[in-house]
Amino acid sequence: QSNAISFNGTTEYAQIINAEALNLSNDFTIEAWVQLNKTDGNNFIISKEWCGNSQFAYALSIIDGKIRWAWNEDGNCNYTSYVETSNVVFNAGECHHIAVTHNYTNVKIYVDGIQVASNLIQGSYSYVAASSEPFRIGIYKGLSGDFAYFMNGKIDELRVWNLLRTQTQINQNKNNV
């Protein structure tokens with residue numbers, strides 16, 4: 001991870017301002033290598049959202065060691081859907097390749113190329129809303145407009161695909177740089 005982006009957990013994040021190409025509605029995959037310095041609380045890996053102006057599209061985070069993928073089909077935070085891993089899959093200091101595949105009928109989460117058990121905790125499977133918000137790495141934009149849940153760790157090889165990658169494709173290509 002010599003080229004990884006490092007985040008301090010208190011002030012650092014990255015964003016892509018003109019991120020219309022990252023308005024992913026259906027049949028897509030997001031993957032990255034992630035290492036966290038702490039897993040307690042909430043670490044946002046990526047997000048394209050802001051509830052303050054009904055622009056919630058999607059977010060990937062690790063909460064108390066569980067991976068959570070959240071999305072909304074109409075941008076309104078009150079109806080956000082999310083899938084979460086059934087068990088803790090992340091511990092502080094560990095480096096893992098994580099991937100999420102999303103279509104309107106299913107979400108799958110992979111750790112190190114292997115699909116892990118997950119559950120739809122809230123909402124329903126659906127398309128994902130478009131958002132005019134930037135694509136953010138390592139941060140969450142709260143309802144008030146303030147940033148919170150800063151990532152404390154590193155992220156490398158972040159990839160966004162506008163197609164569903166299979167477990168074989170994820171596993172075979174996770175180490176390609």
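Our subject in this report is the structure included herewith. Computed from a prediction, not measured in an experiment: that's the story for all the values here. (Residues numbered from 1 in each chain as written. Predicted model: local features only at pLDDT ≥ 70, side-chain atom pairs only at ≥ 80, totals over all residues. Heavy atoms only, no water.)

What follows deals with the overall build of the chain. When helices and strands are tallied, the chain shows 1 helix and 15 strands. In terms of overall dimensions, the chain is globule-like: its C-alpha atoms have a radius of gyration of 15 Å, near the 16 Å expected for 177 residues. Projected onto its principal axes, the C-alpha coordinates of the chain cover approximately 35 × 35 × 30 Å. Counting all 177 residues of the chain, 49% fall into the buried class. A gap of 3 Å separates the mean positions of the 11 positive and 16 negative side-chain charges of the chain. (Helix = DSSP H or I, 4+ residues; strand = E, 2+ residues; numbered from the N terminus. Rg over C-alpha atoms; globule rule 2.2 N^0.38 Å. Buried < 20%, exposed > 50% of the residue type's maximum accessible area, 1.4 Å probe, protein only. Lys, Arg positive; Asp, Glu negative; His and termini not counted. Charge placed at Lys NZ, Arg CZ, Asp CG, Glu CD.)

Attention shifts here to the sheet that holds strand 6 (residues 66–71). Here 7 strands make up an open sheet; going across it, the order is 2-12-4-5-6-7-11 and the pairing antiparallel. Each having just a single partner strand, strand 2 (14–16) and strand 11 (118–122) make up the two edges of the open sheet. Strand-to-strand twist across the sheet, computed as the mean angle between neighbouring axes with direction ignored, equals 20°. As paired elements, strand 4 (residues 42–48) and strand 12 (residues 135–137) share 2 bridges and run antiparallel to each other. Across the sheet, the residue bridging to S47 is R136, located in strand 12. (Pairing = 2+ DSSP bridges. Axes fitted to C-alpha atoms, helices over the stretch in contact; angles between N-to-C directions.)

Here we come to the nonpolar core. Among the nonpolar cores identified, the biggest contains 32 residues, and V34, I45, I46, Y58 and W69 are the most heavily contacted of them. Elements with a minimum of two residues in this core: strand 3 (28–36), strand 4, strand 5 (58–63), strand 6, strand 8 (95–103), strand 9 (106–111) and strand 12. The leading source of residues in this core is strand 3, at 5 residues. Once you skip the residues sitting within four places of it in the chain, V34 turns out to touch I45, I62, F90, E94, C95, H96, I98, M151, K154 and I155. Counting 7 residues, the second largest nonpolar core, distinct from the first, contains F44, F56, A70 and Y140. (Core = buried A, V, L, I, M, F, W, Y, C linked by side-chain atoms within 4.5 Å. Contact = heavy atoms within 4.5 Å.)

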